[in-house]
Amino acid sequence: MIVHLIDGTYELFRHFYGQRRFNQGKDKPFGAVAGVLHSVLEMIETGATHIGVATDHVIESFRNELWPDYKTGEGIEPALYAQFLPLEDALAAMGVAVWRMIELEADDGLASAAHLAAEDPHVEKVCIWANDKDLSQCVRGDRVVQIIRKGMQIRTAEGVRAKFGVEPELIPDLLALVGDAQDGYPGIPGIGKSTAAALLNRHGPIESFPDGVLGSQRDRALLFKTLATLRTDAPLFADVNEIEWRGSTPAFPEWAERIADARLLARCAKADAARIAV
């Protein structure tokens, strides 16, 4: 059994801006939603059976209370933001497990799902389809891997070490030291990627740093580590078979019509017929 976990918010952004190159400035109301649904169906057509999608139901999370400059939904284009909730509903109608994250982020949902799936001895591999570097902390050997959309790169633990210079478990510490501009925290002044990796490989996690290494910046580094550490305790499912795709629901034809993409319904029906025939 291979479990596929998808960052639905990232996929929505990817399709929205990918379509911008071809739509001549006229965004289809559900164009990005349709793109994500087709991407999921492509995975099903190529053999995926157990699929879960985590979404940012809202952009803000508990981290905004810890650091006021943490990322928010400000600046998201209205045409894109209007597709957040329809994506969740359309995926659910298509029979896909959807985790709508509110107090936590989509990345926390993926980390929690990966943790739960990896505990099941029947799971051969967990594939996390997401580009965010903070999700590299979830990688374990070659059993829990991160799939980078660009180039379809499969990032194993060895790949994480090659990319970042540290073990996957130390990714939150690395991000705390160097910062994450996308998430809105700056890191520790004067510490770049190479220096951070050297410190972590020498001393271990930030909590183990000798007194004086970070000086007055130690508490701030620990705060940033909290921001960078993904939660793995979201109770998303009790049994991994809960996320097995068993075909669309009776609500899907209405959604396919609303999205105005007749191919979706036919493609989904064909995938379901192939599933039953196996």
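Please refer to the structure placed before this passage.
Residues numbered from 1 in each chain as written. Predicted model: local features only at pLDDT ≥ 70, side-chain atom pairs only at ≥ 80, totals over all residues. Heavy atoms only, no water.

Colleague: Residue-level account of the overall build of the chain, with values.
Modeller: On a plain count of helices and strands, the chain comes out with twelve helices and six strands. For 278 residues, the compact-globule estimate of 2.2 N^0.38 gives 19 Å, and the chain sits close to it at 20 Å. Each principal axis of the C-alpha atoms in the chain carries an extent, and together these give about 65 × 45 × 30 Å. Looking at the 278 residues of the chain, the share that counts as buried comes to 51%. Roughly 13200 Å² of accessible area belongs to the chain as shown, and the carbon and sulfur atoms make up 54% of that amount. Averaging the locations of the 29 positively and 40 negatively charged side chains of the chain gives two centres separated by 6 Å. (Helix = DSSP H or I, 4+ residues; strand = E, 2+ residues; numbered from the N terminus. Rg over C-alpha atoms; globule rule 2.2 N^0.38 Å. Buried < 20%, exposed > 50% of the residue type's maximum accessible area, 1.4 Å probe, protein only. Areas by Shrake-Rupley, 256 points an atom, 1.4 Å probe, with all protein chains shown as cover. Lys, Arg positive; Asp, Glu negative; His and termini not counted. Charge placed at Lys NZ, Arg CZ, Asp CG, Glu CD.)

Colleague: Quick one: what's the story with the sheet that holds strand β4 (residues 125–129), residue by residue and with numbers?
Modeller: Taken together, the six strands give an open sheet; going across it, the order is β3-β2-β1-β4-β5-β6, and neighbouring strands pair in mixed fashion. At either end of the open sheet lies a strand with only one pairing partner, and these are β3 (97–101) and β6 (153–155). Direction aside, the axes of adjacent strands within the sheet are offset by 25 degrees on average. Where strand β2 (residues 50–56) and β3 come together, five bridges link them in parallel fashion. (Pairing = 2+ DSSP bridges. Axes fitted to C-alpha atoms, helices over the stretch in contact; angles between N-to-C directions.)

Colleague: Which residues make up helix α9 (residues 193–203), and what are the values?
Modeller: Among all positions in α9, only A196, A197, L199 and L200 are buried. Looking down the long axis of α9, one finds its buried residues gathered within 165 degrees of arc, a one-sided arrangement. More than 90 degrees from the buried face of α9, the exposed residues found are S194 and R202. Looking at the buried side of α9, the elements it contacts are α7 (157–164) and α8 (171–178). Remark: G204 follows α9 within two positions and exhibits a positive phi of approximately 90 degrees. (Arc of directions from axis to C-beta. Contact = heavy atoms within 4.5 Å.)

Colleague: Before we move on, can you summarise empty space enclosed by the protein with the specific residues and values?
Modeller: Applying the stated criterion across every chain yields a total of two cavities of 30 Å³ or more. When its volume is computed, the largest cavity comes out at roughly 50 Å³. Lining the largest cavity are D107, D132, K133, D134, D180, Q182 and D183. Looking at side-chain class alone, the lining of the largest cavity contains no nonpolar, one polar and six charged residues. Estimated volume of the second largest cavity: approximately 40 Å³. Every element with two or more residues in the lining of the second largest cavity is listed here: α1 (8–19), β2 and α5 (84–93). (1 Å grid on protein atoms, 1.4 Å probe; cavity = no way out; pocket = protein on both sides within 12 Å on 5 of 7 lines; lining within 4 Å. Points joined across faces, edges and corners; volume = space filled by probe spheres on them. Nonpolar A, V, L, I, M, F, W, Y, C, P; charged D, E, K, R; others polar.)

Colleague: Mind laying out the layout of surface pockets, listing which residues take part and the relevant values?
Modeller: If you add up the space inside the largest pocket, you get close to 430 Å³. If you trace the largest pocket, you find 18 residues lining it, with H15, Q19, K28, G31 and G35 closest to the centre. A per-class count over the lining of the largest pocket returns six nonpolar, seven polar and five charged. In this structure, the second largest pocket encloses a volume near 340 Å³.

Colleague: I'd like a rundown of unusual backbone geometry, residues and numbers included.
Modeller: Residue M152 is not a glycine yet carries a positive backbone phi of 50 degrees. Looking at the secondary structure, you find M152 in the loop between β5 (144–148) and β6. Judged by relative accessible area, M152 falls into the partly exposed class, the value being 43%. Unlike most non-glycine residues, A260 shows phi in positive territory, near 65 degrees.

Colleague: Residues and numbers for the pairing of β4, please.
Modeller: Summarising burial for β4: four of the five residues are buried, a large majority. By the bridge criterion, five bridges tie strand β1 (residues 2–7) to β4 in an arrangement that is parallel. Across the sheet, residue L5 finds its bridge partner in β4, namely I128. Bridging between β4 and β5 involves four bridges; their strand directions are parallel. By the bridge assignment for β5, C127 is matched with V145.

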